[in-house]
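Summary of the model geometry
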Amino acid sequence: MSDPNFPEQAGEFGVDAAIDTTADNLINPILDGVACHIPGAEGFEQMLNTEVDQVINNDLNTEVNKGIGGMSQDAENLFNRE
């Protein structure tokens, strides 16, 4: 049986992925620039990038999905007026 929310979930996943990639491409060079000035940073640079990416991506996705959810609800309300 197909999940009726699949199209919405797929759309959210696509938006989240685009946001994650864009944010990572902006943030990681900055982190790399900072890490190159820390002695021994090679040992934890990738871990730092991954952790910062995850925290920032989760926050961005939460905020964007709030907006998308609100827009979806507004659109539903337009068509479901009684």
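For the structure itself, look to the data block above.
So, here is what we can say about the structure in this document. If you're wondering where the values come from, they're calculated on a predicted model, not measured in any experiment. Within each chain, residues carry numbers counting from 1 in the order of the written sequence. Local features in a predicted model are, by the rule used here, given only for residues with pLDDT of at least 70; side-chain atom pairs are given and counted only at 80 or more, and totals for whole chains, interfaces and linings are based on all residues. Think of the side-chain values as coming from all heavy atoms in the structure, minus any hydrogens and water.

With respect to the overall build of the chain
Defined as follows: Counting from the N terminus, the helices are the DSSP runs of H or I reaching at least four residues and the strands are the DSSP runs of E reaching at least two. Throughout, exposure labels follow a simple rule: accessible area from a 1.4 Å probe, protein chains only, divided by the maximum for the residue type, with under 20% read as buried, over 50% as exposed, and the rest as partly exposed. Residue-level accessible areas treat just the shown protein chains as cover; the underlying method is Shrake-Rupley with a 1.4 Å probe.
A count of helices and strands for the chain gives 2 helices and 0 strands. Residue burial in the chain is summarised as follows: out of 82 residues, 17% are buried. Carbon and sulfur atoms make up 61% of the accessible area of the chain, which totals about 6300 Å².

Quick word on the environment of Asn-49
How we decide: Only heavy atoms enter the contact rule, under which two residues are in contact if any of them lie within 4.5 Å. We define a polar contact as two N or O atoms separated by no more than 3.5 Å, with the added condition that, inside protein, one atom must be a possible hydrogen donor and the other a possible acceptor, whereas residues neighbouring each other in sequence contribute only through side-chain atom pairs.
For Asn-49, the location among the structural elements is in helix α2 (residues 45–79). Judged by its relative accessible area of 6%, Asn-49 falls in the buried class. Considering only alpha carbons, one finds Asn-49 and Asp-24, 25 residues apart in sequence, at a separation of 8.5 Å. Residue contacts for Asn-49: discarding those within four places in its chain leaves Asn-28, Leu-31 and Asp-32. Within the local environment of Asn-49, its side chain forms a polar contact with the side chain of Asp-32, the two groups lying 3.1 Å apart.

Considering a nonpolar patch on the surface
As a reminder of what qualifies: Each patch groups residues whose relative accessible area exceeds 30% and which form no salt bridge, using 9 Å between like charges and 5 Å between nonpolar side chains of Val, Leu, Ile, Met, Phe, Trp and Tyr. A pair is scored as a salt bridge if a Lys or Arg side-chain nitrogen falls within 4 Å of a carboxyl oxygen belonging to Asp or Glu.
There is a patch of nonpolar side chains on the surface, built from Ile-30, Val-34, Ile-38, Phe-44 and Met-47 and spanning about 480 Å² of accessible area. With respect to the element layout, Met-47 can be found in helix α2. Residue classification places Met-47 among the exposed residues on the basis of a relative accessible area of 60%.

Some thoughts on the environment of Leu-48
Looking at the element boundaries, Leu-48 is found in helix α2. C-alpha separation for the pair Leu-48 and Ala-35, spaced 13 residues apart in sequence, amounts to 8.9 Å.

Remarks on helix α1 (residues 6–35)
To keep it simple, the criterion reads: A helix's residues, less one, multiplied by 1.5 Å, set its expected span. Axes are fitted to the seven residues ending at a residue and to the seven starting at it; the angle between these axes is taken as the bend at that residue.
In this model, α1 (30 residues) spans 41 Å end to end at C-alpha, consistent with the 44 Å of a helix rising 1.5 Å per residue. Taking the largest bend as the criterion, α1 deviates by roughly 25°, centred on Ile-27, and proline Pro-29 comes between one and four positions later. Every buried residue belonging to α1 is among Asp-16, Ile-19, Ala-23, Asp-24, Ile-27, Asn-28, Leu-31 and Ala-35, and all of these are buried.

Here we look at the environment of Thr-22
By secondary structure assignment, the location of Thr-22 is in helix α1. Sequence-wise, Thr-22 and Asn-57 are 35 residues apart; in three dimensions their C-alpha atoms are separated by 9.6 Å.

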